[in-house]
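# A structural walkthrough
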Amino acid sequence: MAEKIRTFVLVYENKIISPPLVTIREYANWMEKYFDEYTCHLTLYINANKGGGTAAEWHPGTRIGQFFDHNRFSSSELCSWFIPNSSKAMEQLEQHNFAVKRDGKMLRLYTIKQVELYLKNTVDDKFTFGDNIVPPKQIVLSKEDYSSLIQPKQQVRKRLF
Amino acid sequence: MKKQLKTKPAKEKKKTGIELETVLFKDMVARARKGASNNNIIPLTSMMAIELKNNKLTLTTTDSKNYLYIIQDGIPGDDFYCVVIADTFAQLVAKTTSETIQLTFKDNYLEFVGNGKYSIELPDDEGEMIEFPDPREDAELETLEDIHLSTIRTILNTVKPSLSVTMEELCYTGYYCGGQIVATDGYKMCNLDVQLWEEPKLIPPQLMDLLSVMTSEEIGVEANEDTVIFSSPDCVVYGRTMDCIEDFAIDDIQEAINTEYSSMCTVKKSSLLQVLDRISLFVTKNDKDEANFTFTDKGLQINSKGLSGTEVIKYLESEEFEDFTCIVDIKEFTNEVKALTGDEVEIWYGSDSGIKLTEGNVTIVVALSGEFEEDDEDEE
């Protein structure tokens, strides 16, 4: 497999702040800014409340954790494998080409190895990411990017100064 | 447990020891422990230095940027210096119930005699004894105005909740200390009208937190452009100030603090907190923690956005009453009310930017929520 799988870490003020704390919408906006083209993004980690959340709690404000960029599969292909059980979540996903892994009622953290195994079992038993995974690329955030990533709630309040 | 070593005369290292009242030593160690940040990456931050020099006992801990020295004069004994693992040592002291504690510095361990006899291993660095650096020795400092312990307590209780906890504007993670003391994150702010120093300094929160161990009302201050030392007879705190004070928009903040409000009311703090507590049960995540505040002629009405919860708190006092409705972040507002120390809360309203709370020389402003002229297209 020729394509490389890249993982990302976000850096601000010389500190790694991944997993990035963003909503899906903010993440999509941000990705559009940094990458000219991306076919799809597989969201590995969706966790509403740090300790885990059910699909029923999924809403646009849910924070996204670790993610990676995989440009081999189209979003529609991935969406057919990963089906969220909330129509609201599905609407969000379709707008931004995301996919969400559902496992029973929990949205869980998956490692690349686990996803690899899943794809082996469902797509191609010879599938492997293998050597195509490269070390994380550091995305250095500007102050504006960091601000928009971590403080979405304050956008509905006017600053005092 | 190691066997007691035999004494050997004419040896370079003497057996040195002290005996202290347990109550006194417990207090010293408990305070000193607060300076140890226990950062796994920096071993020194998990240690405590114990030094007796010229009958002055000093316990030293650090978080690698700030140093805390707890001091007790008048302790008889020969000079010695050793470094122990802070947590283990502190726990042993805390659990000791004997009247006195004896510490004896042996060749490579510290003998601790309290309820029983314990050998405290002394960590080393590849065979070399560990020593804390003393950054105070290099500092050339100017003496500034003293600071009062009561001011520190007000800062930590009342001003601290307004600090920024995110790093996008680093300067707002610190306390502005000059003609007044200010903390803000841009959406809430607290101004304590106490003059500290002519040349303002930006004090990092970790350094300010350490000052909670001070016990003397008058605290001496020495400083230069990037260093500050707070001193009292039994405690010294050394720290570095933040270098981004130029970014702190103190003039704009003062303008916001001094904004005119048309009306004021006073309510009982306990009643207000109880109402906020009950209404918050009906404020959901989809409400983004927002609640409606309506100032009516009968009192302050607070309700959740879906009107599933409504309560009215009667005014104790009302001046220049006008009907006014606004949307407030109930969590932040509650935290700020809790930060006040009195039984009554003065609430100023009528501005479209914020709601103001005052108590003595403390002014707190919380930004209002809601829709503004600039449309947020990403609003969910």
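Above this text sits the structure in question.
Residues numbered from 1 in each chain as written. Chains lettered and ligands numbered in written order. Predicted model: local features only at pLDDT ≥ 70, side-chain atom pairs only at ≥ 80, totals over all residues. Heavy atoms only, no water.

The helix and strand inventory of chain B stands at seven helices and 27 strands. In terms of its C-alpha atoms, chain B occupies a principal-axis envelope of roughly 90 × 40 × 40 Å. With 380 residues in all, chain B has 52% of them scored as buried. If you take every contact in chain B between residues at least 6 apart in sequence, the share linking residues at least 24 apart comes to 65%. Surface summary for chain B: the accessible area is close to 19,100 Å², and the carbon and sulfur share equals 45%. Of note, chain B has its 35 positive side-chain charges centred 15 Å away from the centre of its 74 negative side-chain charges. (Helix = DSSP H or I, 4+ residues; strand = E, 2+ residues; numbered from the N terminus. Buried < 20%, exposed > 50% of the residue type's maximum accessible area, 1.4 Å probe, protein only. Contact = heavy atoms within 4.5 Å. Areas by Shrake-Rupley, 256 points an atom, 1.4 Å probe, with all protein chains shown as cover. Lys, Arg positive; Asp, Glu negative; His and termini not counted. Charge placed at Lys NZ, Arg CZ, Asp CG, Glu CD.)

This part takes up the overall build of chain A. Counting its secondary structure elements, chain A contains five helices and six strands. Looking at chain A as a whole, 47% of its 161 residues qualify as buried. With an accessible surface of roughly 8,400 Å², chain A has 50% of that area assigned to carbon and sulfur atoms.

Next up on the list: the pairing of strand β18 (residues 235-240) of chain B. Residues and elements named next belong to chain B. Of all six residues in β18, five are buried, a share of seventy percent or more. Pairing between strand β4 (residues 67-72) and β18: four bridges, direction antiparallel. In the strand pairing of β18, Tyr67 is matched with Tyr238. Taking the residues between adjacent antiparallel strands as the criterion, strand β17 (residues 227-232) and β18 are bridged by two residues. (Pairing = 2+ DSSP bridges.)

Before going further, it helps to examine the packing of helix α1 (residues 22-33) of chain B against helix α2 (residues 86-95) of chain B. Helix-helix packing is characterised by the crossing angle of the two axes and by the distance between the axes. All names here are of chain B. One way to put it is that α1 packs onto α2 with a least axis distance of 9 Å and a crossing angle of 150°. Judged by the inter-axis angle, α1 sits roughly antiparallel to α2. The way α1 lies across α2 gives a crossing that is left-handed. Facing α1, whose interface residues are Phe25, Lys26, Val29 and Arg33, α2 presents Asp87, Phe89, Ala90, Gln91, Val93 and Ala94. Of the residues contributing to the contact of α1 with α2, the split by class is six nonpolar, one polar and three charged. (Axes fitted to C-alpha atoms, helices over the stretch in contact; angles between N-to-C directions. Parallel < 35°, antiparallel > 145°, perpendicular 65-115°, else oblique. Left-handed = near helix turned anticlockwise from the far one by under 90°. Nonpolar A, V, L, I, M, F, W, Y, C, P; charged D, E, K, R; others polar.)

Moving on: the state of the cysteines. The tally for this structure, following the rule as stated, stands at zero disulfides over all chains. Take Cys82 of chain B: it sits in no disulfide, and the sulfur closest to it among the cysteines is that of Cys235 of chain B, at 20 Å. (Disulfide = S-S within 2.5 Å.)

Before going further, it helps to spend a moment on the nonpolar core. If you look at the biggest cluster of nonpolar residues, it comprises 91 residues, and the most contacted ones within it are Phe25, Phe89, Phe230, Leu272, Phe293 and Phe295 of chain B. Dropping the residues within four chain positions of it, Leu272 of chain B is found in contact with Val267, Leu300, Ile302, Ile313, Phe333, Val337, Val345 and Ile347 of chain B. (Core = buried A, V, L, I, M, F, W, Y, C linked by side-chain atoms within 4.5 Å.)

Residue and element names in this part refer to chain B. Overall, antiparallel pairing links the eight strands, which are arranged β5-β2-β3-β4-β18-β17-β16-β11 in an open sheet. Bordering the open sheet on either side are β5 (80-85) and β11 (142-148), each of which pairs with just one other strand. Adjacent strand axes in the sheet meet at a mean angle of 20°, parallel and antiparallel pairs treated alike. One ladder, built from six bridges, connects strand β3 (residues 56-62) with β4; its direction is antiparallel. In the sheet register, Thr58 faces β4, and the bridge partner there is Ile71. The sheet strands contacting α1 are β2 (47-53), β3, β4 and β18, and the helix crosses β4 at an angle near 170°. Sitting on the sheet, α2 touches β2 and β5, and the angle it makes with β5 is about 95°.

Another point: a negative patch on the surface. Residues and elements named next belong to chain B. Residues Glu317, Glu319, Glu320, Glu322, Asp323, Asp343 and Glu344 make up a contiguous surface patch of negative charge. Its location among the elements puts Glu319 in strand β23 (residues 317-319). Judged by relative accessible area, which is 37%, Glu319 ranks as partly exposed. (Patch = residues over 30% accessible without salt bridge, like charges linked within 9 Å, V, L, I, M, F, W, Y side chains within 5 Å. Salt bridge = Lys/Arg side-chain N within 4 Å of Asp/Glu carboxyl O.)

Now for the pattern of salt bridges. A complete count under the given rule lists 14 salt bridges over all chains for this structure. As a salt-bridge pair, Arg159 of chain A and Glu169 of chain B come within 3.1 Å of each other at their nearest N and O atoms. Of this pair, Arg159 of chain A sits in the segment after α5 (143-150) while Glu169 of chain B sits in the loop between α3 (149-159) and β12 (175-177), on two different chains. For Arg159 of chain A, a relative accessible area of 28% translates into the label partly exposed. Between Lys305 of chain B and Glu290 of chain B there is a salt bridge; the shortest N-O distance is 2.7 Å. Here Lys305 of chain B is found in the loop between β21 (300-304) and β22 (310-313), whereas its partner Glu290 of chain B is found in strand β20 (residues 290-295), with 15 residues between them in sequence. Using a relative accessible area of 36% as the deciding quantity, one classes Lys305 of chain B as partly exposed. In the salt-bridge network here, residues are joined through shared partners; they are Asp27, Arg31 and Asp234 of chain B.

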